[in-house]
Amino acid sequence: MVLRDTLLYLAQNDNLRNFVITNSATRSVSRRFVAGEALDEAIEATRVLNQRGMHVSLDHLGENVSDDREARAATQDFITVLDAIKQAGIDANISIKLTALGLDISQQLCEENVRRLLEHAHKYSIFVRIDMEGSPYTEQTIDITLRMHQQFEHVGTVIQSCLYRSRKDVEQLIAQGVRVRLVKGAYKEPRTIAMQEKKDVDHSFVQLMMMLLLRGNYPAIATHDEAIINATCKYARDHGISKEAFEFQMLYGIRRDLQEKLVKQGYNMRIYVPYGSQWYPYLMRRMAERPSNLMFVMSNALR
Ligand SMILES: Cc1cc2nc3c(=O)[nH]c(=O)nc-3n(C[C@H](O)[C@H](O)[C@H](O)COP(=O)(O)OP(=O)(O)OC[C@H]3O[C@@H](n4cnc5c(N)ncnc54)[C@H](O)[C@@H]3O)c2cc1C
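Residues numbered from 1 in each chain as written. Predicted model: local features only at pLDDT ≥ 70, side-chain atom pairs only at ≥ 80, totals over all residues.

Colleague: How should I be thinking about the overall build of the chain in this particular structure?
Modeller: Scanning the chain from N- to C-terminus turns up 13 helices and eight strands. Here the C-alpha atoms of the chain give a radius of gyration of 18 Å, agreeing with the 19 Å that 2.2 N^0.38 yields for 303 residues. Restricting the contact set of the chain to residue pairs at least 6 apart, pairs at least 24 apart contribute 72%. (Helix = DSSP H or I, 4+ residues; strand = E, 2+ residues; numbered from the N terminus. Rg over C-alpha atoms; globule rule 2.2 N^0.38 Å. Contact = placed C-beta atoms within 7 Å.)

Colleague: Help me understand helix α9 (residues 198-215), please; the structure alone is not making it clear to me.
Modeller: The α-helix winds at 3.6 residues per turn, so residues separated by three or four positions along the chain end up facing the same way. With 18 residues, α9 should reach 26 Å at 1.5 Å per residue; the first-to-last C-alpha distance of 26 Å fits that figure. All buried positions along α9 are accounted for by Ser204, Phe205, Leu208, Met209 and Leu212. Each buried residue of α9 lies within a common arc of 145° when the element is viewed along its axis, so the set occupies one face. Along its buried surface, α9 packs onto β4 (155-160), α8 (166-175), β5 (179-183), β6 (220-222) and α10 (226-238). (Expected span 1.5 Å × (residues − 1). Buried ≥ 20, exposed ≤ 12 C-beta atoms within 10 Å, placed from the backbone. Arc of directions from axis to C-beta.)

Colleague: Explain the site of the ligand to me, please; I cannot follow it from the model alone.
Modeller: Neighbouring residues of the ligand: 23 residues in total, closest Asp131, Val183, Thr223, His224 and Gln249. Counting only elements with at least two residues in the shell around the ligand, the list comes to β4, β7 (247-251) and α12 (280-289). By residue number, the principal contributor to the shell around the ligand is β7, which donates three residues. Partitioning the shell around the ligand into residue classes produces ten nonpolar, six polar and seven charged. (Near = placed C-beta within 6 Å. Nonpolar A, V, L, I, M, F, W, Y, C, P; charged D, E, K, R; others polar.)

Colleague: How should the pairing of β7 be read in this particular structure?
Modeller: Each regular strand displays side chains that alternate between the two surfaces of the sheet. Of all five residues that make up β7, four are buried, and the element is covered over most of its length. Relative to β7, β6 runs parallel, the two being bridged by three bridges. Considered in β7, the bridge of Ala220 is made with Glu247. Sheet topology note: the β7/strand β8 (residues 269-275) ladder contains four bridges and is parallel. Its bridge partner lying in β8, Gln249 is registered against Arg270. For the crossover from β7 across helix α11 (residues 256-264) to β8, the handedness is right-handed. (Pairing = 2+ DSSP bridges. Right-handed = clockwise from strand over helix to strand, strands pointing away.)

Colleague: How should I be thinking about the sheet that holds β7 in this particular structure?
Modeller: For sheets, the rule is that strands pair by backbone hydrogen bonds, running either parallel or antiparallel. The strand order around the closed barrel built from eight strands is β1-β2-β3-β4-β5-β6-β7-β8, with neighbouring strands paired in parallel fashion. Taking each pair of neighbouring strands and ignoring which way they run, the sheet shows an average axis angle of 30°. With three bridges joining them, strand β3 (residues 128-130) and β4 adopt parallel strand pairing. The residue of β4 that forms the bridge with Arg129 is Gly156. Across the sheet, α8 lies against β4 and β5, angled at about 160° from β4, the strand it touches most. (Axes fitted to C-alpha atoms, helices over the stretch in contact; angles between N-to-C directions.)

Colleague: How should α8 be read in this particular structure?
Modeller: Of all the positions in α8, only Ser166, Asp169, Val170 and Leu173 are classed as buried. The arc enclosing the buried residues of α8, seen along the axis, measures out at 100°, which places them on a common side. Exposed positions of α8 whose direction lies more than 90 degrees from the buried face are Lys168, Gln172 and Ala175. Residues of α8 that are buried sit in contact with α7 (138-151), β4, β5 and α9. Positive phi shows up at Gly177, right after α8, with a value of about 70°.

Structure follows, in structure tokens:
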């Protein structure tokens, strides 16, 4: 727990960030979790996953921009990704972060950018997932998703099972027919608003999974936790919920064995494929989830 908290804290540290992103060894090991720095590499990784029967969600990495120009550039980058998906004929949608599109600058700017993206995605019938960031953004992320959903059906968001508020949020999103990706939550959150014990977060995940499977609109169960995945399969079987009615999602490079196994069993599997030069905070969150990843990165960095 202490190590996890330290890594999540260091995810914000500029000095460490500069060391990690300029060190050739850490750059190369980041490839285990990140498809590459260029869009071409992400498209190629998507093709390989598609050939293995998996769908993809592409994330052009970036978060917390602090000026308008950067936010508009990030929006333009995602428009380029949408065009590339269409041109390459690959099976992929996109995942975006509102702080990359200007949420820290102003909600109005961010909404303008999101709307521009959704209009473009609509032309190609490509779904857009709004990732969930740390709790200071939860309320705004849900508000923006709900407002956008009144105009565009192909937008959904993410709910973190660690937050006490999530049951109410899931009810609201189900009532509006908004697609939800369910995750445990990757950010360090205060105990006043979030469960701290893994067993509580897991229990909450299973409760929310059941609500979404029974009443949600094509929910995404995003976890590498085999016990929860088995519980999901069993719940669907017991309640006559078809494999087509939901999907599993996993992160690029994590539990590839389990990804393959579920595809062979006929489940929908979508892989979250991040790419781009801004991979440092993403990599730190993956290390915080699993300290052995830290050993993997360090042993290569020091070699
Ligand atoms: C598709 C997808 C999208 C996500 N989007 C968001 C989001 O928008 N917002 C958000 O807060 N979080 C997001 N997350 C991250 C999520 O909140 C968790 O932090 C992450 O998935 C780890 O939790 P877990 O459910 O896999 O369970 P855990 O209990 O953490 O792990 C279960 C098992 O999975 C494997 N595993 C888990 N993580 C790793 C890792 N990093 N490296 C190697 N093995 C690992 C291990 O075998 C571990 O025992 C997303 C996760 C996925 C899969």
